[in-house]
Protein chains: 2
Amino acid sequence: MRQILIIGSGKSSAYLIKYLLDKSISENLFVTVADIHITTTIKQIGNHKNFKAITLDVCNEAARNEAIKNSNIVVSMLPASMHIDVAKDCIKHRKHMVTASYVSPEMQALNHDAIANNLILMNEIGLDPGIDHMSAMQVLDTIRDNGYEVILFESFTGGLVAPENDTNLWNYKFTWNPRNVVVAGQGGAAKFLQEGTYKYIPYNRLFRRTEFLDIDGFGRFEVYANRDSLKYQSAYKLNNIKTLYRGTIRRVGFSRAWNIFVTLGMTDDSYTIEDSENMSYRDFVNAFLPYSPSDSVELKLRHQLKIDQDDIVWDKLVELDIFNSEKKVQLKKATPAQILQKILIDSWSLAQNDKDMIVMYHKFGYQKNGKKHQIDASMVVLGDDQTYTAMAKTVGLPVAIATLAILNKKIKTPGVQIPITPEVYQPILKELKTFGITFQEKEVPYLGYNPLNN
Amino acid sequence: MRQILIIGSGKSSAYLIKYLLDKSISENLFVTVADIHITTTIKQIGNHKNFKAITLDVCNEAARNEAIKNSNIVVSMLPASMHIDVAKDCIKHRKHMVTASYVSPEMQALNHDAIANNLILMNEIGLDPGIDHMSAMQVLDTIRDNGYEVILFESFTGGLVAPENDTNLWNYKFTWNPRNVVVAGQGGAAKFLQEGTYKYIPYNRLFRRTEFLDIDGFGRFEVYANRDSLKYQSAYKLNNIKTLYRGTIRRVGFSRAWNIFVTLGMTDDSYTIEDSENMSYRDFVNAFLPYSPSDSVELKLRHQLKIDQDDIVWDKLVELDIFNSEKKVQLKKATPAQILQKILIDSWSLAQNDKDMIVMYHKFGYQKNGKKHQIDASMVVLGDDQTYTAMAKTVGLPVAIATLAILNKKIKTPGVQIPITPEVYQPILKELKTFGITFQEKEVPYLGYNPLNN
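> Help me understand the packing of helix α16 (residues 390-407) of chain B against helix α17 (residues 422-433) of chain B in this model?
If you want to describe how two helices pack, look at the angle between their axes and the distance between the axes. All names here are of chain B. In contact at an axis separation of 10 Å, α16 and α17 are set at 125 degrees when each is read in the N-to-C sense. Comparing their axes, α17 and α16 come out oblique. As for the relative orientation of α16 and α17, their crossing is right-handed in sense. Touching Leu397, Pro398, Ile401 and Ala402 of α16 are Ile428, Glu431 and Leu432, all from α17.

> Before we go on, may I ask you to explain the side chain of Thr32(A) in this structure?
Residues and elements named next belong to chain A. In this structure, threonine 32 sits in strand β2 (residues 29-35). Residue threonine 32 is classed as buried on the basis of its relative accessible area of 6%. If we ignore the near neighbours within four places in the chain, the residues touching threonine 32 are Gln3, Ile4, Leu5, Ile6, Lys52 and Ile54.

> In this structure, what is going on with the interface of chain B and chain A? I would like to understand it.
One widely used convention gives an interface's size as the accessible area the parts lose upon coming together. Counting residues at the interface gives 36 residues for chain B, matched by 36 residues for chain A. Carbon and sulfur atoms make up 52% of the surface buried where chain B meets chain A, a total of about 3100 Å² over both sides. When residues of chain B are sorted by the area they lose upon contact with chain A, Tyr200(B), Glu274(B) and Tyr291(B) head the list and together hold 24% of the total. At the junction of chain B and chain A, the tally comes to two salt bridges.

> How should I be thinking about the domain arrangement of chain A in this particular structure?
All names here are of chain A. The assigned domain composition of chain A is domain 1 (2-123), domain 2 (131-255 + 352-387 + 437-444) and domain 3 (258-348). Using C-alpha coordinates to define each centre, domain 2 is positioned 30 Å away from domain 3. Listed as interface residues are 19 residues of domain 2 and, on the opposing side, 20 residues of domain 3. Roughly 1900 Å² of surface becomes buried between domain 2 and domain 3 when both sides are summed, with 62% attributable to carbon and sulfur atoms. Of all residues in domain 2, the largest losses of buried area upon contact with domain 3 belong to Leu169, Trp170 and Val182, amounting jointly to 38% of the total for that side.

> What am I meant to see in the pattern of salt bridges here?
Opposite charge on two side chains allows them to pair when their charged atoms are near. Evaluated as defined, the whole model comprises 32 salt bridges over all chains. One salt bridge connects Glu154(B) with Lys363(B), and the closest N-O pair in it is separated by 3.9 Å. Of this pair, Glu154(B) sits in strand β7 (residues 149-161) while Lys363(B) is found in strand β13 (residues 356-368), placing the two residues 209 residues apart along the sequence. On the basis of relative accessible area, Lys363(B) is assigned to the buried category, the value being 14%. Here the residues in one salt-bridge network are Arg64(A), Asp89(A) and Lys92(A), joined through shared partners.

> Could you clarify how one ought to interpret the sheet that holds strand β3 (residues 51-55) of chain A in this entry?
Note on sheets: strands pair through backbone hydrogen bonds, and any given pair is parallel or antiparallel. All names here are of chain A. Here we have seven strands laid out as an open sheet, ordered β3-β2-β1-β4-β5-β6-β15, and parallel in their pairing. The strands lining the two open edges of the sheet, one partner per strand, are β3 and β15 (415-417). Recorded for the sheet is a direction-independent mean angle of 20 degrees between the axes of neighbouring strands. Summarising the sheet, strand β5 (residues 96-99) and strand β6 (residues 120-122) pair through two bridges and their orientation is parallel. Within β6, the residue paired with methionine 97 across the bridge is leucine 121. Packed onto the sheet, helix α16 (residues 390-407) meets β1 (2-7), β2, β4 (73-76), β5 and β6 and runs at close to 165 degrees relative to β4.

> I would appreciate a short explanation of unusual backbone geometry in the present structure.
Most peptide bonds are trans, and most residues other than glycine sit at a negative phi. Following Asp128(A), the chain continues to Pro129(A) via a peptide bond in cis, the omega torsion being 15 degrees. For Pro129(A), the position within the fold is in the loop between β6 and α8 (131-145). One non-glycine residue, Asn28(A), lies in positive phi territory at about 60 degrees. Mapped onto the elements, Asn28(A) comes out in the loop between α2 (24-27) and β2. Phi at Lys237(B) takes a positive value of approximately 60 degrees, unusual for a residue other than glycine.

> I'm lost on the packing of helix α1 (residues 13-22) of chain A against α16(A) in this one. Help?
Residues and elements named next belong to chain A. One way to put it is that α1 packs onto α16 with a least axis distance of 7 Å and a crossing angle of 40 degrees. As α1 packs across α16, the resulting crossing turns out to be right-handed. In this structure, α1 uses Tyr15, Leu16, Tyr19 and Leu20 to contact α16, whose residues at the interface are Ala392, Lys393, Gly396, Leu397, Val399, Ala400, Ile401 and Leu404.

> Explain the sheet that holds strand β4 (residues 73-76) of chain B here, please?
All names here are of chain B. Ordered in space as β3-β2-β1-β4-β5-β6-β15, the seven strands form an open sheet in which the pairing is parallel. What marks the edges here is a single partner per strand, and that holds for β3 (51-55) and β15 (415-417). Strand after strand, the sheet turns through a mean of 20 degrees between neighbouring axes, direction not considered. For strand β6 (residues 120-122) and β15, the ladder comprises three bridges, and the chain directions are parallel.

> Hey, could you run me through the packing of aromatic side chains in this one?
Note on aromatic pairs: each is described by the distance of the centres and the angle between the planes. One pass over the structure, following the stated rule, counts 50 aromatic pairs over all chains. When the ring of Tyr172(B) is compared with that of Phe174(B), the centres are 6.0 Å apart and the planes differ by 90 degrees; the resulting orientation is edge-to-face. Chaining the aromatic ring pairs together yields one cluster made of Trp170(A), Tyr172(A), Phe174(A), Phe254(A), Trp258(A), Phe261(A) and Trp348(A). A cation sits over an aromatic face here: Arg250(A) above Phe254(A), 5.4 Å from the ring centre.

> Help me out: how do you make sense of α16(A) in this one?
Along an α-helix, a turn takes 3.6 residues, which lines up residues three or four apart on a common side. All names here are of chain A. Over its 18 residues, α16 extends 26 Å from the first C-alpha to the last, a length consistent with the 26 Å expected when each residue adds 1.5 Å. Burial analysis of α16 places 18 of its 18 residues in the buried class, the great majority of the element. Immediately downstream of α16, the backbone of lysine 409 shows phi near 60 degrees, a positive value.

> Whenever I open this one, the relation of the copies chain B and chain A confuses me. Can you help?
For the pair of chain copies, the relating operation is a rotation around an axis with a shift along it. When chain B is fitted to chain A, the residual RMSD is 0.1 Å, and the transformation amounts to a turn of 180 degrees plus an axial shift of 0.0 Å. As the rotation angle and translation indicate, the two copies are arranged about a two-fold axis. The rotation axis passes nearest to the C-alpha of Asn204(B) in chain B, at a distance of 3.2 Å. Mapped onto chain A, 100% of the interface residues of chain B again fall at the interface, so both copies present the same surface.

> Can you help me understand the pairing of strand β7 (residues 149-161) of chain A in this one?
Where a strand is regular, its side chains alternate between the two sheet faces. Residue and element names in this part refer to chain A. By the criterion of burial, β7 is predominantly enclosed, with twelve of the 13 residues buried. Bridging between β7 and strand β13 (residues 356-368) involves twelve bridges; their strand directions are antiparallel. Bridge pairing in β13 places serine 155 opposite histidine 362. Relative to strand β12 (residues 243-251), β7 runs parallel, the two being bridged by six bridges. Across the sheet, leucine 152 pairs through a bridge with threonine 243, a residue of β12.

The rules behind each value
Each chain carries its own residue numbering, running from 1 in the direction its sequence is written. Labels are handed out in written order, letters beginning with A for the chains and numbers beginning with 1 for the ligands. Given that the model is predicted, a residue must reach a pLDDT of at least 70 before its local features are reported, and side-chain atom pairs must reach 80 or more before they are shown or counted; all residues, however, enter totals for whole chains, interfaces and linings. Excluding hydrogens and water, the side-chain values take into account all heavy atoms of the structure. Whenever a helix is involved, its axis is fitted only over the stretch in contact; in every case the axis is a line through C-alpha atoms, and angles between N-to-C directions fall within 0 to 180 degrees. Strands here mean DSSP runs of E at least two residues long; helices mean DSSP runs of H or I at least four residues long; both are numbered from the N terminus. What sets the label is the angle itself: under 35 degrees gives roughly parallel, over 145 gives roughly antiparallel, 65 to 115 gives roughly perpendicular, and the rest give oblique. Crossing handedness: left-handed means the near helix sits turned counterclockwise from the far one by under a right angle, and right-handed means the same turn made clockwise. The contact criterion used throughout is that any non-hydrogen atoms of two residues lie within 4.5 Å. Burial status follows relative accessibility: with a 1.4 Å probe on protein chains alone, a residue under 20% of its type maximum counts as buried, one over 50% as exposed, and anything between as partly exposed. In this description, buried area is defined as the sum, over both parts, of the accessible area (probe of 1.4 Å) that is lost when the two are combined. Take a side-chain nitrogen of Lys or Arg and a carboxyl oxygen of Asp or Glu: if they are within 4 Å of each other, that pair is a salt bridge. Note that domain bounds follow an automatic or database assignment of domains. Whether two strands pair comes down to DSSP finding at least two bridges between them. Working definition: rings of Phe, Tyr and Trp (its six-membered ring) pair if their centres are within 6.5 Å, and the pair is stacked with planes under 30 degrees apart, edge-to-face with planes over 60 apart, and tilted otherwise. Each ring is checked for a lysine NZ or an arginine CZ that lies within 6 Å of its centre and within 35 degrees of its normal; such an atom marks a charge sitting over the ring. What a helix is expected to span follows from its residue count: subtract one and scale by 1.5 Å. Overlaid copies result from least-squares superposition on C-alpha atoms, with residues included only where pLDDT is at least 70 in both.

Rendered as structure tokens:
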């Protein structure tokens, strides 16, 4: 039997394991999940004769090598920073490897060794990065194959709560790592291209410069810009493109309310708050407002940020219970971002039966002989339950399909890869359709950003 | 004769050299200025038989050692990062040393060696840091000697243009390093204490949380908070203080207008702008605004920041000529902060006959038996001309007086020092008075920040 080793078994493992076990008889696969702690959920998913779970500390070099040596292919679902040791062992033992993480410089540096050993180190093959690469490249390549020039590409992704469980004023719940949500957009200005002009948005304006999206049957969404929209400009072969913009999807109104936290300084992760442990939520808010004991924290906040008393953003703040003087932070030496995260988890955690929703939206603008065209493509995936989430499905299935395709030599090009070639995206996108992961494409009038074009 | 070696001869050297030469006959001093480039101005100031200027590259270890070995005391007016090599040589050759810069961790690490060799490494003895330490500690020590408890200390300094040359709408010209003005407040939230509560202001709010100050004969000023108001809490023995706040002084209205640059992202120094060299000033502004070719850059800016057409901040922007489409940035791979600095230098450089002005303001709150008191102390120093500036006077004279006092063994305590002990501040403040550097002290009702106190 062909041995598949999956190292790490986090939230996105369910569909990955299920897919491989469903194929395990016909494809002659044995799946081993190795983690420092094997959960009951993993044991339930892996209730199959071609499955075993082993306890493995990846920092234990001998145990890690032994596990890798005995496999035919390795899937690393570890945190991104921990892939590199696994990757080096894979080269040493001549095993292919698959991850859903961004290619780090250390990973990229293995490209030569991978090629020399005819090994595939496939990365960025989850949702975002992953399905975004594949679905975009399929359309972009088709447009170019038909002799058109691509002039606009915009791509947006969001992990949200399913409409039926969308029960708070923010229209948002945490379906993934809350920390990433709290610190999103920090670390420098967002940079992108609009109609040939480079544009920069500083963090303090990021959530005030949103755009709207409409998706049939799901209503209106908004988008704020990612840090670096130009990251894949060269990989996607878009060097002469006029508009290149990538962003994150939220429900309309989220960003305007979130900007209150940004403006007050509550998302800062660079310093710790004095005596954070004994603070109330109200004390936390008050730390970012002027001293004035004759005024309430509420009025000081309204006044500082000029919030009208009938503005819906106010209700969003109240809903989070941030003015509560009884609830304590109870985090030692915490940064503002850590404290805010704790407050938000109180309100934004998924309930037992809540389902998540993944939304992806691409816009492609292209032209020939001065005539401009546009295709909009959107994908919505709903979760089944808290194990088989939309996130687990859209991350885990591409990883699983790629793993089997590499084993079966359908994907053959060696080296450190991301899924942007037809060899990779064609079979995977085709099979994802059978799981309901599909894009609705429609031709729309070219809009761009220049009303003088129209 | 006693040899004084001054390494580095920048903008603040004039009074330093003049003071020592004026005393050189009676005190038997010979002054050597060593710099990689000796200016005509320095030669004019040093036109005296007890003076010589030598060319010295401080990176040349042999030459540096030779110069230090032949001196009795060394004054380093080099950029702060370059003091440490000089300081190590001073210890090797057993020479005292004086600087106006902040004590770096590397400098502090020499404390043990300095004490072991009975040497004084006196730092932070210019204006800010320098006169602020000395003037504050003199009042604080007096308050405490009289049995009072200090409950509030606030300290503000600003380098401004003299009222007679205050000719632009910003009421500001560059009298010191422009770069420090452009990036002021960056790198983390401002932190301070108000009435026992820690307060934090993020960069995007720093210039909207100002306070006012009035100085007799000079009118009203405003203050924005420094990054770390608590830096000297322990050194000043203020560990139980309720309010501790340090800030920078500007004329009223500066900060509200400056905040436009902060909000747009123009003060960011962390990334470079694409093709900055060929941009016009107008292009630079447009890079921070949405794409919309049917609207002017002016209207987009007004709309984004909600600036009314009759708001004075608009006139301040226009005065800087930032909407000019002809003027080019002409800086390669420049950061937003570097480009903004260039634009500001066009408008804010001192004219030939302009004079500068230094303003310092302290507030001291203290109590005994529940009764609260307050002393406000303010200092204004005006420059004479572009060589004998107020900045050169307030930085150079304390350095010069301390240098002679150390030579004359009036200041004797060895180690890495800052001027916070009576041994240092008493003689220096006394002599500074003879140069017109004096504080106007007045008792005022205790104000604090708590109206319920009154």
